[in-house]
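Analysis of the macromolecular model
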Amino acid sequence: MSKRDPRRVAIVTGGAGGLGLAITRALISGGCAVLLTDIDGDAAAKAAASVEGECKATELDVTRKPEFEKVLELACSHWGGAGILVNNAALTKTTPIFDISGDEFDHVVAIALKGTFLGCQVLGRYFADQRYGRIINMASLAGQNGGAATGAHYAAAKGGILTLTKVFARELASAGVTVNAISPGPLDLDSVRNLLPPDKLASVVQSIPVGTLGDAGFVARLIELLTSPDAVSATGATYDLNGGLYLR
Ligand SMILES: NC(=O)c1ccc[n+]([C@@H]2O[C@H](COP(=O)([O-])OP(=O)(O)OC[C@H]3O[C@@H](n4cnc5c(N)ncnc54)[C@H](O)[C@@H]3O)[C@@H](O)[C@H]2O)c1
């Protein structure tokens, strides 16, 4: 075991690539040790090996509560505790509304919404017992405005995450645990380029008032800031990073 200040030990879900890996790098730059988790254990191991700093990988399917419990045990046995959870895992689908099967709906919602709930439940209880914790839930612009390119299941799950964030923030505030949501618009990531054909992507970019896709590195740095020990009063909020696509 290499003992660390538990406040600077983070668990990131869906961390094998894209934004999850950017978040891992930002947390490590900020002085954290990171347990990088993903349903794809091999990809998680590769991603962790690509990061300079204290980063350990393990497999975690966020739809399974016992797996969250095991991941927490691993962080405790390896570093002596944990203080940060980033619920980042999701499955982004663009299936047209009338083509979404019941099974596909359940699957997408189980990963994004139930996965976030289980993470908040397992780590939230542990953090409350420790009287310290920082939870970040990855939401999306789609959860606020219904979405332009993504499917109804994805948008609805992300809307649910905004509500879950408030529920857990209220429940855990007096125990020293903050819970916030991050709500980006389309980011400059492979996941977006793979989902949208070039002409559709160009029209999405054209519709963004600031004229460019969002920067994953910046989103990750905001998360690092919100998970620092002095981020005491930031809780129950949703941070919009959508280039002006949605103003409220
Ligand atoms: N990319 C964007 O433009 C954008 C915009 C708004 C919000 N977001 C949100 O940011 C987060 C990351 O986005 P991304 O583009 O990096 O996504 P991504 O698809 O590249 O990565 C998601 C990761 O989650 C993992 N995953 C899938 N199912 C899982 C499960 N059951 N358990 C654990 N891990 C699982 C995948 O293996 C993958 O590594 C997601 O929550 C997404 O909804 C992204």
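Residues numbered from 1 in each chain as written. Predicted model: local features only at pLDDT ≥ 70, side-chain atom pairs only at ≥ 80, totals over all residues. Heavy atoms only, no water.

This next bit is on the sheet that holds strand S2 (residues 33-38). Spatially, S3-S2-S1-S4-S5-S6-S7 is the arrangement adopted by the 7 strands of the open sheet, whose pairing is parallel. Two strands bound the open sheet, and with one partner strand each, they are strand S3 (55-59) and strand S7 (238-241). Put simply, the sheet's adjacent strands are angled 20° from each other on average, direction ignored. Pairing of strand S4 (residues 84-87) with strand S5 (residues 133-138), which is carried by 4 bridges, proceeds in the parallel orientation. Within S5, the residue paired with leucine 85 across the bridge is isoleucine 135. Together, S2 and S3 form the strand contacts of helix H2 (residues 41-49), whose direction differs from that of S3 by roughly 175°. (Pairing = 2+ DSSP bridges. Helix = DSSP H or I, 4+ residues; strand = E, 2+ residues; numbered from the N terminus. Axes fitted to C-alpha atoms, helices over the stretch in contact; angles between N-to-C directions. Contact = heavy atoms within 4.5 Å.)

Taken together, 25 residues lie near the ligand, and Asp38, Asn88, Tyr154, Leu187 and Ser191 sit nearest. The separation between a nitrogen atom of the ligand and a polar main-chain atom of leucine 60 is 3.4 Å. At 2.5 Å from an oxygen atom of the ligand is found a side-chain nitrogen or oxygen belonging to serine 191. Relative to its free-state accessible area of 830 Å², the ligand is covered by the protein chains to the extent of 86%. Those elements that provide at least two residues to the shell around the ligand are helix H1 (18-29), helix H6 (152-172) and helix H7 (190-195). In the shell around the ligand, the residues fall into 16 nonpolar, 6 polar and 3 charged. (Near = heavy atom within 4 Å. Polar contact = N/O pair within 3.5 Å; in protein donor to acceptor, adjacent residues only side chain to side chain. Areas by Shrake-Rupley, 256 points an atom, 1.4 Å probe, with all protein chains shown as cover. Nonpolar A, V, L, I, M, F, W, Y, C, P; charged D, E, K, R; others polar.)

Here the focus is the pattern of salt bridges. Counted according to the given criterion, the structure contains 7 salt bridges. Note that arginine 7 and aspartate 5 form a salt bridge whose closest N and O atoms lie 3.0 Å from each other. Exposure remark for aspartate 5: the relative accessible area of 33% places this residue in the partly exposed category. Overlapping salt bridges bring together Asp61, Arg64 and Glu67 as one network. (Salt bridge = Lys/Arg side-chain N within 4 Å of Asp/Glu carboxyl O. Buried < 20%, exposed > 50% of the residue type's maximum accessible area, 1.4 Å probe, protein only.)

Attention now goes to the environment of lysine 114. With respect to the helices and strands, lysine 114 occurs in helix H4 (residues 102-130). Those residues within four positions of lysine 114 in sequence are excluded, and the remaining contacts are Thr63 and Val109.

Turning our eyes to something else, we now look at the packing of aromatic side chains. For the coordinates displayed, the defined rule picks out 2 aromatic pairs. On the basis of an interplanar angle of 55° and a centroid distance of 5.8 Å, the ring pair of phenylalanine 117 and phenylalanine 168 is categorised as tilted. Taken together, the positions of phenylalanine 117 in helix H4 and phenylalanine 168 in helix H6 put the pair 51 residues apart, joining distant regions of the chain. Overall, phenylalanine 168 belongs to the buried group, its relative accessible area being 11%. Their ring planes at 55° and their centres at 5.9 Å tell us that tyrosine 126 and phenylalanine 127 sit as a pair that is tilted. Here tyrosine 126 matches phenylalanine 127 in class, with each residue buried. Taking the ring centre of tyrosine 132 as reference, the NZ or CZ of arginine 7 above it sits at 6.0 Å. (Phe/Tyr/Trp six-rings, centres within 6.5 Å; stacked < 30°, edge-to-face > 60°. Lys NZ or Arg CZ within 6 Å of the ring centre and 35° of its normal.)

Let's shift gears to helix H3 (residues 65-79). With 15 residues, H3 should cover 21 Å at 1.5 Å per step; its first-to-last C-alpha distance of 21 Å lies within 8% of that length. Those residues of H3 lying buried are Phe68, Val71, Leu72, Ala75 and Trp79. What you see down the axis of H3 is that its buried residues fit within an arc of 100°, all on one side. Among the exposed residues of H3, those oriented more than 90 degrees off its buried face are Pro66, Lys70 and Glu73. Looking at the packing, one finds that the buried side of H3 touches strand S1 (9-12), S2, S3, S4 and H4. The positive-phi residue at the C-terminal boundary of H3 is glycine 80, with phi of around 90°. (Expected span 1.5 Å × (residues − 1). Arc of directions from axis to C-beta.)

Our next topic: the packing of H1 against helix H9 (residues 216-226). Two elements in contact, H1 and H9, have axes separated by 8 Å at closest approach and are oriented at 50°. Here H9 runs oblique to H1, going by the angle between their axes. As H1 runs across H9, the sense of the crossing is right-handed. For the pair formed by H1 and H9, the contact residues are Leu19, Ala22, Ile23, Ala26 and Leu27 on the first element and Ala216, Val219, Ala220, Arg221, Ile223 and Glu224 on the second. (Parallel < 35°, antiparallel > 145°, perpendicular 65-115°, else oblique. Left-handed = near helix turned anticlockwise from the far one by under 90°.)

Let us now look at the state of the cysteines. Every disulfide links exactly two cysteines, by a covalent bond between their sulfur atoms. For the structure on display, the rule yields 0 disulfides. With no disulfide partner, cysteine 76 has as its closest neighbouring cysteine sulfur the one in cysteine 32, 15 Å distant. Cysteine 76 sits in the partly exposed class, given a relative accessible area of 24%. (Disulfide = S-S within 2.5 Å.)

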